[in-house]
Amino acid sequence: MGMTGRRRAERVRVGRMRGGRFVTRGDSVAVEEPLEVRLEVPVPDGVREHPISVTMRTPGDDFELAAGFLFTEGVVIDPGALVDVRYCRNVEVQEYNVVTASVRDPSAFDASSLTRNFYVTSSCGVCGKASLDAVEVMGCQPVAEGTLTIDESDVRALPDQLRSAQRVFDRTGGIHAAGLFDAGGRISVVREDVGRHNAVDKVIGVQLLSRALPASALGLVVSGRSSFEILQKAAMAGIPMVVAVGAPSSLAVSFARRFNMTLVGFAHREGYNVYSGGERVSGLNGAGG
């Protein structure tokens, strides 16, 4: 969705040093362009358009990105109220870099999120506990018990499975990926982006636009590290498990433990670390939350 056929990699000329020789040749790099997200909210005399955010992203899956972002950041608090996502028609030259979403009910729009989210994500004078408290204010709830159990051998297989689906990474070597997997360890949805948070928003946007939230029967696997923001987005979507190829941050660990989530880091075919919620991984010896 969202101009999926658009160019995600482009060819550039690059100087390459190899074996003592410097040669010029063609290479591929991931495309990075701005995407502006706007939200139309009904008012008594029509609709009011609110500018929400501008993010740098890899083109493609733009509607999924916009929908996922609006929900995981608490701007649209009812995923079922999102009725339309489209490229903005009110631009002089259509570059497909402005997306407008619409809600059917004004109560589904949380105007305070436009200032609150800056507070949550800012690193200036905000402690970890304040960030966790602010996420609860957004309406984020602990994940229910009994959601998604996966065999430990399937956890080890997830990174290679995700990597095999990274088509743009194959061409550029410089792009993140996120995927959704089920209890059998099968990845059903993969999205790529230069921004790791955008990749997560895209896969959550797939679920939202399919009216399949909360995604309590699915886990999230990401190609890089796991941060507070990634855990927040997963929790907002009801996803109980995050598996990351890289390291978690301290706040990601705190978030997972506070919101009853399973957090796995440094995942590869030989093993991984479990930081929280080990009860959702069957076949472990003595792992816990």
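Since the model is a prediction, treat every value here as computed from it, not as a measurement. (Residues numbered from 1 in each chain as written. Predicted model: local features only at pLDDT ≥ 70, side-chain atom pairs only at ≥ 80, totals over all residues. Heavy atoms only, no water.)

## Some details on the overall build of the protein
Point 1. Counting secondary structure elements, the protein contains eight helices and 14 strands.
Point 2. For the protein, the proportion of its 289 residues judged to be buried stands at 54%.
Point 3. A fraction of 55% describes how many contacts in the protein between residues 6 or more apart in sequence connect residues 24 or more apart.
Point 4. Of the accessible surface of the protein, which amounts to about 12,900 Å², a share of 50% is contributed by carbon and sulfur atoms. (Helix = DSSP H or I, 4+ residues; strand = E, 2+ residues; numbered from the N terminus. Buried < 20%, exposed > 50% of the residue type's maximum accessible area, 1.4 Å probe, protein only. Contact = heavy atoms within 4.5 Å. Areas by Shrake-Rupley, 256 points an atom, 1.4 Å probe, with all protein chains shown as cover.)

## Considering the sheet that holds strand S4 (residues 46-57)
Point 1. Spatially, the four strands line up as an open sheet ordered S4-S3-S6-S5, and their pairing is mixed. With partners counted over all chains shown, the strands left at the sheet margins are S4 and strand S5 (82-87), one partner each. Between one strand and the next, the sheet's axes are offset by a mean angle of 20°, whatever the strand orientation.
Point 2. Here S5 pairs with strand S6 (residues 98-103) via five bridges, running antiparallel. Looking at the pairing, Arg86 lines up with Thr100 of S6. (Pairing = 2+ DSSP bridges. Axes fitted to C-alpha atoms, helices over the stretch in contact; angles between N-to-C directions.)

## Structural notes on helix H6 (residues 196-209)
Point 1. The first and last C-alpha atoms of H6 sit 20 Å apart over 14 residues, in line with the 20 Å expected at 1.5 Å per residue.
Point 2. Counting buried residues along H6, eleven of its 14 residues qualify, which places the element largely inside the surrounding structure.
Point 3. Looking only at H6, the buried set comprises Asn198, Ala199, Val200, Asp201, Lys202, Val203, Ile204, Gly205, Val206, Gln207 and Leu208.
Point 4. In the segment just after H6, Arg211 is the residue with positive phi, at about 55°. (Expected span 1.5 Å × (residues − 1).)

## Observations concerning the confidence of the model for the protein
Point 1. A residue-level look at the protein finds 87% of positions with pLDDT of 70 or above and a mean pLDDT of 86.
Point 2. For the stretch residues 118-126, pLDDT sits under 50, and the model shows nine contacts to residues farther than four places along the chain or on other chains. (pLDDT = per-residue confidence, 0-100.)

## A short note on the packing of H6 against helix H7 (residues 228-236)
Point 1. The geometry of H6 relative to H7 is characterised by a closest axis approach of 10 Å and an angle of 5° between their N-to-C directions. It follows from the interaxial angle that H6 and H7 lie roughly parallel. Packed against H6, whose contacting residues are Arg196, His197, Val200, Asp201 and Ile204, the element H7 presents Glu229, Ile230, Lys233 and Ala234 at the interface.
Point 2. Residues belonging to the contact of H6 with H7 are distributed by class as follows: four nonpolar, one polar and four charged. (Parallel < 35°, antiparallel > 145°, perpendicular 65-115°, else oblique. Nonpolar A, V, L, I, M, F, W, Y, C, P; charged D, E, K, R; others polar.)

## Digging into the pairing of strand S13 (residues 271-276)
Point 1. Here strand S12 (residues 262-268) runs beside S13; their pairing, made up of four bridges, is antiparallel. Note on S13: the bridge partner recorded for Leu263 is Ser276.
Point 2. Hairpin connection, S12 to S13: the antiparallel pair is bridged by two residues.

## Quick look at the environment of Asp110
Point 1. Here Asp110 shows up in the loop between S6 and helix H2 (113-121).
Point 2. For the pair formed by Asp110 and Asp78, sequence separation is 32 residues and the distance between their alpha carbons is 9.8 Å.
Point 3. Here the side chain of Asp110 touches Ser112 through a polar contact of 2.6 Å, side chain to side chain. (Polar contact = N/O pair within 3.5 Å; in protein donor to acceptor, adjacent residues only side chain to side chain.)

## A short note on unusual backbone geometry
Point 1. Between Leu213 and Pro214 the backbone carries a cis peptide bond, its omega angle lying at 0°.
Point 2. Relative to the assigned elements, Pro214 resides in the loop between H6 and strand S10 (219-222).
Point 3. A positive phi is found at Leu148, a non-glycine position, where the angle reads about 55°.
Point 4. With respect to the helices and strands, the residue Leu148 is situated in the loop between helix H3 (128-137) and strand S7 (150-151).
Point 5. Its identity as a non-glycine residue notwithstanding, Arg211 has a phi of 55°, on the positive side.
Point 6. Under the relative-accessibility criterion, Arg211 is labelled partly exposed at 47%.

## Focus: the nonpolar core
Point 1. In this structure, Leu39, Leu70, Leu82, Leu220, Phe255 and Met261 are the most contacted members of the largest nonpolar core, which totals 59 residues.
Point 2. In terms of residues, this core owes the most to one element, helix H1 (residues 62-72), which gives seven residues.
Point 3. Met261 has contacts with Val143, Leu231, Ala234, Ala235, Ile239, Pro240, Val242, Phe255, Ala256, Ser276, Gly277 and Arg280, leaving out every residue within four places of it along the chain.
Point 4. In terms of nonpolar packing, the next biggest core, distinct from the first, is built from 16 residues, Val190, Met241, Val264 and Tyr272 among them. (Core = buried A, V, L, I, M, F, W, Y, C linked by side-chain atoms within 4.5 Å.)

## Quick look at the environment of Ser250
Point 1. Structurally, Ser250 can be placed in helix H8 (residues 250-258).
Point 2. Residue Ser250 is classed as exposed on the basis of its relative accessible area, which comes to 62%.

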